[in-house]
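# Observations on chain architecture
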Amino acid sequence: MFFDQKRFTADLDAGDPVTVFRNALAAAQRHFNNRFHEGEEVHTLVNEAAQFADVILCYAWNRFEWGDNISLIAVGGYGRGELHPHSDIDLLILMRRNRPQKYRQSIEQFLTFLWDIQLKIGHSVRSLSQCVDEAKGDISIVTNLMETRLLCGDNSLRETMLKKTGPNKIWSSSNFYRGKIDEQRARHLKHDDTEYNLEPNVKEAPGGLRDIQLINWTAKRHFNVHRRSQLVHAGFLSEEEYLTLRREEEFLWKVRYGLHLIADRPEERLLFDYQRKLAAMLGYRDSDGRLGVEKFMQRYYRAVLSIRELTDVLLQYLDEAIYQKNKTKVIIPINDRFVVRDDYLDTTSEDVFVNAPSALLELFVIMGENENIKEIRASAIRQIRLHRNLINEEFRANPTNRDLFMRLLRAPYKLSIQLQRMNRYGILGSYLPEFGKIVGQTQHDLFHIYPVDVHTLEVVRNIRRLARPEIAEQFPVSAHIFKNLPKPELLIIAALYHDVAKGRGGDHSILGSVDIADFAERHGLQPQEIKLLQWLVENHLLMSTVSQREDTSDPDVIYKFAKHCGDIMHLELLYVLTVADINATNPRLWTDWKGSLMRNLYFETKRALQQGLGVPVDKAVWVEYAKTAALRVLLEQQITKQQTLAVWSDVDQEFFLRERAEDIASFTQAIIGNDNPGNPVIRLRDVGVEIPVATQIFVHATDRQNIFSIIAAVFDKLQLNIQDARLHTTSDNRAFDVFYILDDNDRPIGRDSNLCKLVTKTLKQAIIDPSSVNFDISRRTPRQLKNFTLKTVTTLSNDTETNTTVIEVITPDRPGLLAHIASIFLRYGLNLYNAKISTLGERVEDTFYVTDYNHKPLIDLEFGEKLQQTICSELDSRNAQDKQS
C-alpha cells in the first residue's frame, strides 16, 4: 500500500497529531486523484480509499481508552468498502449494553478528533438492543446494518448484531423486498420516473447507482451472501448479467468520482455546470456534427437504461421465481411458443427463441393484439436478453419477420408501449440498426429534453393517443384526421424515422428520407406510399417553421405553402405529425398560442387547396374585404366613413391583411374616441376561438420614435413575453402596433384585471415619457441558461413579396433581449414592421422585418454586414457579462 505507516507513526511521535493526520489525508486524496486522472479503474480506487480510511480510523480509535464490549464498525457505502472523494464515512459505535456513560468521554474525544482532522463522518452510537429496536421499524437502518465491516474492537458484537437483525429475526426476505420496492417507487417518482432527465442524479435517479445497490440488498438478504459475485454461484445472476452490472457501475462510479472532484463537494447531480467539464475530463471530444458532451451524455443514458432494464427484470424475477413460486393460478396457452400466466406473457420453454428466432418479434405482436396481457414475465425477458443477438442481417431479411413488424405497427393495443419495451430490451435497435444509433443520443440544450429515441417513441405515443376521447378533445383537428386515415401505420412509420438520422452530420431530414425509403421498400410498401413517407420526413419541420416565423395572414405565404403540400392528404398527415412532434419535444413548447397558429395555417391552406392553386389570391381583394367589413361595424357604432378614413389614411395594406375586421373596427373606434390625441391608445383583450390563447395589446401613438424598444422593455419588466409583434408606422409617425403576449407560465393575462390595469398604466407612462423607462433589465438570468456557449448568429435577406429585409437572430435567451435588439435598429435608422418571436429552450430564434428610413429594403451590403456585426458583438458581450454575474 502507498501509505507508509512507519513514517506516519514516527511523525505522530514527533509532531502535532492533528497536523499529521490532516497531512496524511490530503496526501492520500492527491494520490487517489492522480491515479483517477491517469485512468485507473474506479472500483480499485474507491476500495483502496476505504482501506486507507480504515487504517486512519484505527490509529485515531487507538488514541483513546475503550475497554471491552465496544466496537467501531463501518456501515453503509463505507461498510461495503467503497469511498468516493467527498463521500461521508458512516460509522457505528456499537456497545454490548446500553451504557453510554461508561464510554462518553472517549466517544466525545474520538469524534472531536475526527472533526479536527477534517474527516467527513456520519455516526451513530447504539447498543445491540437499540440496533435491533430501531431496525425493526426502519428499513433504511436495517439496510445500513447489513453492510458492515469491523474496524476496531470486538467482532463478536458485529456478528451478534447481524444475527439479531437478519431475515430470520426481523424483516424477512419477502418483507424486505417489498419494502425496498416501495422505497424505489417513491425515489423514482421524485425524478419523474425517467432515466432521461436533463440534469440527472447519478445516485438516486432511475438506473442510477441506488438501483444497483437495491439488487445487492434484496438478493443478498434472501441468499444470505455478502458479495455480489456470490449471487452468480447462487444461480440468481448469470455471468453476463454480473459483468453488465459491474461494467455500468464502473462507468457511473467514474462519473461520480469526477463530479466530486469538479464540484469539490459530494455532488450527485449531473448539472449543466459540470457536464462539459466532466466530458472533457473523461476524454470525450467534439467532432464533426457532435459535441463531446453529447457523446458523454449518450454513454450515460445508455448506461442507466441498461441498469434499469437489468435491475427491473432481476427484481421481477426475484419476486416471480422465489416469492411467488408455485402460486400461479391461471395459465392460458397462446400457441406452441407462448403462454399467459396470471396475465403475464411467458415462453413455453427456455429454447423457444433458439428454435424460432422470429418469436423475438412475435412476442411483442401478441402483446399488441391482446389487451388483457399486462406484462412480460421476467423469465421471458431474461431469455430475450440472452438471445437478442440472433437478430442479424439474415433475420432482418426474413419475410416472416418483416410481416411481423408491419403487423405490430397495425396492432390495436398500446403500440407505443410495445415499442418502448422493444427499445428497452434492445430488440428495436437490433431490428432497425439505424434506430439503434440514436438510443440515448442527446442534444446539449434545454429545448430537446429527451434523447432522440425517447422523443421518437413519444411522437408515436402522441399519434396513437389521438384515438382517446380526452386527447381528441384537446387536439380535435389532429384527432379527426387520424380517425379517418385509411393506413395510420404510414404516419407511425414517418414518426419512427423523422429524426432517425440525427447526429450523423448533414441535414437529418434528407438523410432520414433515404432511410425511410429503404425501410419501406424492404417491407413491401407501394411506390406512392414510399414517396409520401419521404416527403413527410424531408418536410417534418416545415409546418412549424412557417406557422411560427412567417405571416400566415399573408395570402402569398398560404399560397406558397399550399403549393408545396400539393394536396390535402399531404397537408393533413404533415399537420398531425407536426403536432405530435412538437408535443413530444418539450412539454412547455406547445402552447395554445402556437396551436392557434398551426390551426390557422392548416385551415387557410386547406381552403386554398380546395379552391385550387391556378391563380394566386389578389391581396387587394383581401384588403378591400377587410375594410368594407370594418366600416360596416363602425357605421353601426355611429362612426362615419369620413372619420374612419381619416384614421386609416396612409396606414399600410399589411395592417388590413393581418388583422380581423372586428379588431380593426375596435382599434379605430378607440382612436376616434380618444379625447386627448397626444396620449397613446392602449386596448387589451384575450383572443382565441374557444379558449383564450394569448392577450392582444393594441398600441396607437403619435409622434413617437423608438416605440418598440420602449414597449419591449416594459413587457420585460412586467415579465410578459411577446409572441408576435405586428408593427405599422405611417409617414407622419403614427404607430398602429399589435402585440400578442403571454406571461412566464405561457398563459394569457386578460382575466387578471389588476395586471391588465398595470400594463395599460405602465405602457402609457413609458410612451409619454421614454426617459422613465429602464432599458437595463435586471431580471436574473437562470442558472441553466448560463451554461450554454451559443454564439449569436444572424442572417439577412430581402423579401420581394413584402418589400422588406428579413433579419433572423439566433442567440441565447435572456431578459431585455428584444429591447436591446430594437435599440440597435433605432441607432441604424431602421423601421421595424414585424417581429416573430420563438423561444426554444435556452435560445431564441427571432425574425424581424425591417426597412431603411425611406421604407425600402436594405441594399447596401457593407451597411448590412456592419448591422449584423453590431448585433452579434453586442449580444455576445452582454451574454458574457450575464454568465459572470
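Placed above this text is the structure.
Now for a quick tour of the structure. (Residues numbered from 1 in each chain as written. Predicted model: local features only at pLDDT ≥ 70, side-chain atom pairs only at ≥ 80, totals over all residues. Heavy atoms only, no water.)

### Digging into the overall build of the chain
Counted only if it meets this: Strands here mean DSSP runs of E at least two residues long; helices mean DSSP runs of H or I at least four residues long; both are numbered from the N terminus. When accessible area is computed with a 1.4 Å probe and restricted to protein chains, residues below 20% of their type maximum are described as buried, those above 50% as exposed, and intermediate ones as partly exposed. Should any heavy atoms of two residues lie within 4.5 Å, those residues are considered in contact. Shrake-Rupley sampling with a 1.4 Å probe provides the accessible areas, and residues are treated as covered by the protein chains on show and by no other component. Positive residues here are Lys and Arg, negative ones are Asp and Glu, while His and the chain termini are left out of the count. A charge is said to be at NZ when it belongs to Lys, at CZ for Arg, at CG for Asp and at CD for Glu.
Check the secondary structure of the chain and you find 40 helices and 17 strands. In the chain, which comprises 885 residues, the share counted as buried stands at 55%. Once local pairs closer than 6 in sequence are excluded, the contacts in the chain between residues at least 24 apart make up 71%. Total accessible area on the chain stands at roughly 39600 Å², and carbon and sulfur atoms take up 47% of it. When the 111 positive and 120 negative side-chain charges of the chain are each reduced to one mean point, those points stand 5 Å apart.

### Quick notes on the side chain of Arg385
Take Arg385: it is sitting in helix 17 (residues 378-387). Note on Arg385: relative accessible area 7%, which makes it buried. Apart from residues lying up to four places away in sequence, Arg385 is in contact with Glu240, Glu241, Thr244, Glu309, Leu310 and Val313.

### Quick look at the sheet that holds strand 3 (residues 121-127)
Counted only if it meets this: Here, a strand pair is defined by DSSP locating no fewer than two bridges between the strands. Geometry is summarised by axes, namely lines fitted to C-alpha atoms with helices restricted to the contacting stretch, and by angles between N-to-C directions that run from 0 to 180 degrees.
Here four strands make up an open sheet; going across it, the order is 3-2-1-4 and the pairing mixed. The strands lining the two open edges of the sheet, one partner per strand, are strand 3 and strand 4 (149-153). Each adjacent strand pair in this sheet contributes to an overall mean axis angle of 25°, direction not counted. When strand 2 (residues 89-95) meets strand 3, the two strands line up parallel, connected through seven bridges. Its bridge partner lying in strand 3, Ile89 is registered against Ile121. Here helix 6 (residues 128-137) sits on the sheet and contacts strand 2 and strand 3; the angle it forms with strand 3, its principal contact strand, is near 110°.

### A word on the packing of aromatic side chains
Worth spelling out the cut-off: Pairing of aromatic rings covers Phe, Tyr and Trp, the last counted by its six-membered ring, and requires centre-to-centre distances within 6.5 Å; plane angles under 30 degrees mean stacked, over 60 mean edge-to-face, and any other angle means tilted. For a lysine, the NZ atom is tested; for an arginine, the CZ atom; a charge sits over a ring if that atom is within 6 Å of the ring centre and within 35 degrees of the ring normal.
Inspection of every chain in the model, using the stated rule, returns 36 aromatic pairs. Note on Phe236 and Tyr317: the rings are 6.3 Å apart at their centroids and 35° apart in plane angle, and the pair reads as tilted. Here Phe236 is found in the loop between helix 11 (230-233) and helix 12 (239-263), whereas its partner Tyr317 is found in helix 14 (residues 292-323), with 81 residues between them in sequence. Residue classification places Tyr317 among the partly exposed residues on the basis of a relative accessible area of 23%. Relative to Tyr301, the ring of Tyr300 has its centre 5.5 Å away and its plane inclined at 70°; by these criteria the two rings are edge-to-face. In this structure Tyr301 comes out as buried when scored by relative accessible area, which is 3%. Stacked on the ring of Phe113, the Lys or Arg Arg63 has its end atom at 5.1 Å from the ring centre. Note that Arg149 overlies the ring of Tyr78, its terminal NZ or CZ placed 5.1 Å from the centroid.

### Some thoughts on the packing of helix 19 (residues 399-409) against helix 20 (residues 415-424)
Helices that pack against each other are described as a pair by the angle of their axes relative to one another and the distance between those axes. Heads up, the condition is: Working definition: roughly parallel below 35 degrees, roughly antiparallel above 145 degrees, roughly perpendicular at 65 to 115 degrees, and oblique for all remaining angles. Classification convention: Asp, Glu, Lys, Arg as charged; Ala, Val, Leu, Ile, Met, Phe, Trp, Tyr, Cys, Pro as nonpolar; all other residues, Gly among them, as polar.
At a minimum axis separation of 9 Å, helix 19 and helix 20 run at an interaxial angle of 135°. When the axes of helix 19 and helix 20 are compared, the pair comes out oblique. Note on element contacts: helix 20 touches helix 19 through Leu415, Gln418, Leu419 and Met422, opposite Phe405, Leu408 and Leu409. Within the contact of helix 19 with helix 20, the residues separate by chemical class into six nonpolar, one polar and no charged.

### A closer look at the nonpolar core
As a reminder, the rule being used: Only buried residues count toward a nonpolar core, which is a set of Ala, Val, Leu, Ile, Met, Phe, Trp, Tyr and Cys residues joined through side-chain atoms within 4.5 Å.
In this structure, Leu57, Phe110 and Phe405 are the most contacted members of the largest nonpolar core, which totals 199 residues. Contacts of Phe405, omitting those with residues within four sequence positions, involve Met422, Leu428, Tyr431, Leu432, Leu496, Phe519 and His523. Counting residues in each nonpolar core, the second largest holds 49 residues, with Ile821, Ile837, Val844 and Phe848 among its members.

### Describing the environment of Lys531
In this structure, Lys531 sits in helix 28 (residues 527-538). Separated by 337 residues in sequence, Lys531 and Gln868 have C-alpha atoms that sit 40 Å apart.

### Describing the side chain of Asp453
What counts, and what does not: Whenever Lys or Arg places a side-chain nitrogen within 4 Å of a carboxyl oxygen from Asp or Glu, that contact is recorded as a salt bridge.
One can find Asp453 in helix 23 (residues 452-464). Buried Asp453, no salt bridge; nearest opposite-charge side chain is Arg302, N-O distance 7.5 Å. Those residues in contact with Asp453 that sit more than four places away from it in its chain are Tyr196, Asn423, Phe435, Ile438, Val439, Gly440 and Gln441.

### Section: helix 33 (residues 619-636)
Let me state the cut-off plainly: In a helix, the anticipated span is given by 1.5 Å times the number of residues less one.
In a regular helix each residue adds 1.5 Å, so 18 residues correspond to 26 Å; helix 33 covers 26 Å between its end C-alpha atoms and thus fits that length. Taken as a whole, helix 33 has its buried residues at Lys619, Val623, Ala626, Ala629, Ala630, Leu631 and Leu634. In the segment just after helix 33, Gln638 is the residue with positive phi, at about 65°.

### Looking at unusual backbone geometry
The backbone phi angle of Asn69 is positive, close to 65°, even though this residue is not glycine. Positive phi, normally seen in glycine, also occurs at Asp343, with a value near 75°. Mapped onto the fold, Asp343 is located in the loop between strand 6 (338-341) and strand 7 (344-347). Accessibility expressed as a relative area gives 32% for Asp343, which makes it partly exposed.

### Focus on the packing of helix 3 (residues 42-61) against helix 12
In contact at an axis separation of 9 Å, helix 3 and helix 12 are set at 65° when each is read in the N-to-C sense. Taking contact as the criterion, the partners of Val42, His43, Leu45 and Val46 in helix 3 are, on helix 12, Arg246, Glu249, Glu250, Trp253, Lys254 and Tyr257. Within the contact of helix 3 with helix 12, the residues separate by chemical class into five nonpolar, one polar and four charged.

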